[in-house]
Amino acid sequence: HIIDAANAIIEKNICRTKKNLFTDKEGGEMITVYSGLDETDESHYVAKEIKTYIQNGVEPKDIAVLYRANFQSRSLEEACLMYGVPYQVLGTKFFERKEIKDMISYLRAAINRDSVTDIKRTINTPVRGIGNVTILKVVSNQVAELPTAAQQKVYEYFRLLDTIKTKSENEKLSDVFKYIFQASGMEKSLKDSNEDDLERLENIKELVSLTTKYDNLTPEEGVHLFLEEAGLMSDQDELDDKTQENKVRLMTVHASKGLEYDYVFVTGLEENLFPYERAGDTEQKSDEESEEERRLFYVAITRAKKKLYLCYAMMRTIFGARQFRTQSEFVGDIPAHITESIDNASGFIS
């Protein structure tokens, strides 16, 4: 069934040398297509299925979860921790990514001016012409000894921290992070840049989406709980790094090339996510770009040796706003007779 699905997908690509996968095996397990309410529901479904496999004797290292964009790992990591699923992110874990640490450091520096580590991290991030000598003077309380131009830059930075602190005491946490993103200059520095910077931009937007779950608390409670949980996630990352052998692998489809696993979950199968399209990109994809997305999906599904899951969400929070999603065209290209569908909105299985 996995081979049949792969052939059905790739035959629509015309800019390629025609080839047909085959196997001596017949049949196999049905391909499960899961429709979740949102990204949290999707992630919880994946984690619960994996936990069941592990309880039934499957080795964690024989299971992989794939996604198209790095920011998707955040909700999957959270679900794995919740259900006690041992996991390893191939690449950098969400709360260990530089841009996420930078954003959180701005908040910490704003509410605690004695946090030298956070001030050092943010005072010249993004670059605002504050050098190492100036930073040394700042943390030594010797700003008055700096030239006038340097003093002005330092005072502007501290005025920014003052505003962040005021907002953190009076506004929703997601709005505070939106302000940090814009007012710090990070948004401007990452927009219209290279591929890596655009990926960092998406990670920050995912951070904003994450913080909406604290918006129903008082500002003080929201900040306190978020910083506490973010610290716990970072601590967990350090513990996990010490033993990475027998764990479920979480990775992008690009990172999965050349690898195979008995059980594979492909997540985020929604239009504009897989096939992928960056927010604000109005240019129509070329045939080559469209075929590359389809080829990536072909790579994703052929990582599975025994059982394949295709998952997507009907709603996803993007930069703090809930958006309705539609199933990826790729899912519809797989022959219906080799799939079973689970629609969590109705509990219907076909």
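Residues numbered from 1 in each chain as written. Predicted model: local features only at pLDDT ≥ 70, side-chain atom pairs only at ≥ 80, totals over all residues. Heavy atoms only, no water.

1. Here we look at the pairing of strand β4 (residues 248-252)
Part 1 of the reasoning: Counting buried positions over the five residues of β4 gives five, a clear majority of the element.
Part 2 of the reasoning: Going residue by residue along β4, you find Val248, Leu250 and Thr252 tucked away on one face and Arg249 and Met251 tucked away on the opposite face as well.
Part 3 of the reasoning: In the sheet, strand β2 (residues 63-67) pairs with β4 via four bridges, with the strands oriented parallel. Considered in β4, the bridge of Leu66 is made with Met251.
Part 4 of the reasoning: Sheet topology places strand β3 (residues 87-89) next to β4; three bridges connect them, and they run parallel. Each residue of the ladder has a partner; that of Val89, found in β4, is Leu250. (Buried < 20%, exposed > 50% of the residue type's maximum accessible area, 1.4 Å probe, protein only. Helix = DSSP H or I, 4+ residues; strand = E, 2+ residues; numbered from the N terminus. Pairing = 2+ DSSP bridges.)

2. Overview of the packing of aromatic side chains
Part 1 of the reasoning: Per the counting criterion, the structure on display carries 13 aromatic pairs.
Part 2 of the reasoning: Residues Phe94 and Phe95 carry aromatic rings whose centres are separated by 5.4 Å and whose planes lie at 85° to one another, so their mutual orientation is edge-to-face. With respect to class, Phe94 is no different from Phe95; both count as buried.
Part 3 of the reasoning: Three or more aromatic residues link up through ring pairs in this structure, and these residues are Tyr34, Tyr45, Tyr53, Tyr263, Phe265 and Tyr309.
Part 4 of the reasoning: The ring of Phe319 carries Lys178 above its face, with NZ or CZ at 5.5 Å from the centroid.
Part 5 of the reasoning: We note Lys307 situated over the ring of Tyr309; from NZ or CZ to the ring centre the distance is 5.0 Å. (Phe/Tyr/Trp six-rings, centres within 6.5 Å; stacked < 30°, edge-to-face > 60°. Lys NZ or Arg CZ within 6 Å of the ring centre and 35° of its normal.)

3. Some details on unusual backbone geometry
Part 1 of the reasoning: The peptide bond linking Thr125 to Pro126 adopts the cis configuration, its omega dihedral lying at -5°.
Part 2 of the reasoning: With respect to the helices and strands, Pro126 occurs in the loop between α5 (116-122) and α6 (132-139).
Part 3 of the reasoning: With an omega of 15°, the peptide bond between Phe274 and Pro275 qualifies as cis.
Part 4 of the reasoning: By secondary structure assignment, the location of Pro275 is in the loop between β5 (261-266) and α12 (287-301).

4. Some remarks on the pattern of salt bridges
Oppositely charged side chains can pair when the atoms bearing their charge come close.
Part 1 of the reasoning: Taken as a whole and judged by the stated rule, the model has 26 salt bridges.
Part 2 of the reasoning: Salt-bridge contacts for Arg316 lead to Glu42; the nearest nitrogen and oxygen are separated by 3.2 Å. Here Arg316, found in strand β6 (residues 304-318), pairs with Glu42, found in helix α2 (residues 39-55); they are 274 residues apart in sequence, far enough to count as distant.
Part 3 of the reasoning: One salt bridge in this structure joins Lys165 and Glu169, with 2.7 Å as the shortest N-O distance. Remark: Glu169 and Lys165 occur in helix α7 (residues 148-170); sequence separation between them is four residues, near one turn of the helix.
Part 4 of the reasoning: Residue Lys165 is classed as partly exposed on the basis of its relative accessible area of 32%.
Part 5 of the reasoning: By relative accessible area, which is 47% here, Glu169 ends up partly exposed.
Part 6 of the reasoning: What you see here is one network of salt bridges that share partners, running through Arg74, Glu78, Glu206, Lys213 and Glu229. (Salt bridge = Lys/Arg side-chain N within 4 Å of Asp/Glu carboxyl O.)

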